[in-house]
Amino acid sequence: MSNKELLQNGVKQVFYDEEWYPPISDALKNLNAAQACWQLEGMASNTIWENVNHLLFFKERLLSRIHKDNSYVAPQNNDDTFVQGGPNDEDAWQQTVKRTLQVHDALQSSLSSIQEGELDQLRPSLPIWQQYLNILLHDAYHTGQIIQLRKLQGSWPSNRPNL
């Protein structure tokens, strides 16, 4: 299996198809804005919406690097990537979910169009393959957090199909 095929398989598993754990697309299914803003009382944790925006930042940054788009403006620090929406703003939440799926599709499409040799190109200081791998691991980590929050709030299905 080539590096590109390995990354494509990872994108498929992390974003779309359940293998060892649910992909982020499943983790965001059937959530409303209030659930996306829910937080454990008295606990310092990020909400689902904050986690999703955080993930979007890094994926959009990778897309801008792949396409050599210098117009992308990065937040000043990591904390600034955890942006919260409002519990009553259902349209904004649905747009965030839609944007998340569009960014996943764009990452998959970009990876499909990259030649194997291009994966070693530095953009700006890390090879493209390493940035994709980082995104996959990062998404898996935060998807676990999102599912844990859903379990704590009671919005995660108790019975899911066995794989």
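Cut-offs and rules
Residues numbered from 1 in each chain as written. Predicted model: local features only at pLDDT ≥ 70, side-chain atom pairs only at ≥ 80, totals over all residues. Heavy atoms only, no water. Helix = DSSP H or I, 4+ residues; strand = E, 2+ residues; numbered from the N terminus. Rg over C-alpha atoms; globule rule 2.2 N^0.38 Å. Buried < 20%, exposed > 50% of the residue type's maximum accessible area, 1.4 Å probe, protein only. Contact = heavy atoms within 4.5 Å. Lys, Arg positive; Asp, Glu negative; His and termini not counted. Charge placed at Lys NZ, Arg CZ, Asp CG, Glu CD. Core = buried A, V, L, I, M, F, W, Y, C linked by side-chain atoms within 4.5 Å. Polar contact = N/O pair within 3.5 Å; in protein donor to acceptor, adjacent residues only side chain to side chain. Patch = residues over 30% accessible without salt bridge, like charges linked within 9 Å, V, L, I, M, F, W, Y side chains within 5 Å. Areas by Shrake-Rupley, 256 points an atom, 1.4 Å probe, with all protein chains shown as cover. Salt bridge = Lys/Arg side-chain N within 4 Å of Asp/Glu carboxyl O.

Some details on the overall build of the protein chain
Phase 1: A count of helices and strands for the protein chain gives six helices and zero strands.
Phase 2: For the protein chain, the sequential pattern of α-helices and β-strands runs α-α-α-α-α-α.
Phase 3: For 163 residues, the compact-globule estimate of 2.2 N^0.38 gives 15 Å, and the protein chain sits close to it at 16 Å.
Phase 4: Here the protein chain holds 163 residues, and 40% of them are scored as buried.
Phase 5: Taking all contacts inside the protein chain whose residues are at least 6 apart in sequence as the whole, residues at least 24 apart take part in 77%.
Phase 6: Looking at charge distribution, the protein chain has the averaged site of its 13 positive side-chain charges lying 3 Å from that of its 19 negative ones.

Brief notes about the nonpolar core
Phase 1: Grouped together as the largest cluster of nonpolar side chains are 36 residues, with contacts concentrated most on Phe-15, Leu-28, Ile-48, Trp-93, Leu-107 and Tyr-132.
Phase 2: Those elements giving two or more residues to this core turn out to be helix 1 (3–16), helix 2 (24–27), helix 3 (33–37), helix 4 (48–66), helix 5 (90–113) and helix 6 (128–153).
Phase 3: Sequence-distant contacts of Leu-28, that is, excluding residues within four places in its chain, are made with Ile-48, Val-52, Trp-93, Thr-100, Ile-146 and Arg-150.

A short note on the side chain of Arg-123
Phase 1: Along the chain, Arg-123 turns up in the loop between helix 5 and helix 6.
Phase 2: A polar contact is formed between the side chain of Arg-123 and the side chain of Gln-121, at a distance of 2.5 Å.
Phase 3: If we skip the residues at most four places from it in the chain, Arg-123 touches Arg-65, Ile-66, Lys-68, Ile-128 and Gln-131.

Some points on the environment of Ser-2
Phase 1: Tracing the chain through its elements places Ser-2 in the segment before helix 1.
Phase 2: Note: C-alpha distance between Ser-2 and Val-52 (50 residues apart in sequence) is 30 Å.
Phase 3: A distance of 3.3 Å separates the side chain of Ser-2 from the side chain of Glu-116, its partner in a polar contact.

Points about a nonpolar patch on the surface
Phase 1: Together, Trp-129, Leu-133 and Leu-137 make up an exposed nonpolar region whose accessible area comes to about 270 Å².
Phase 2: Its location among the elements puts Leu-137 in helix 6.
Phase 3: A relative accessible area of 56% means that Leu-137 is categorised as exposed.

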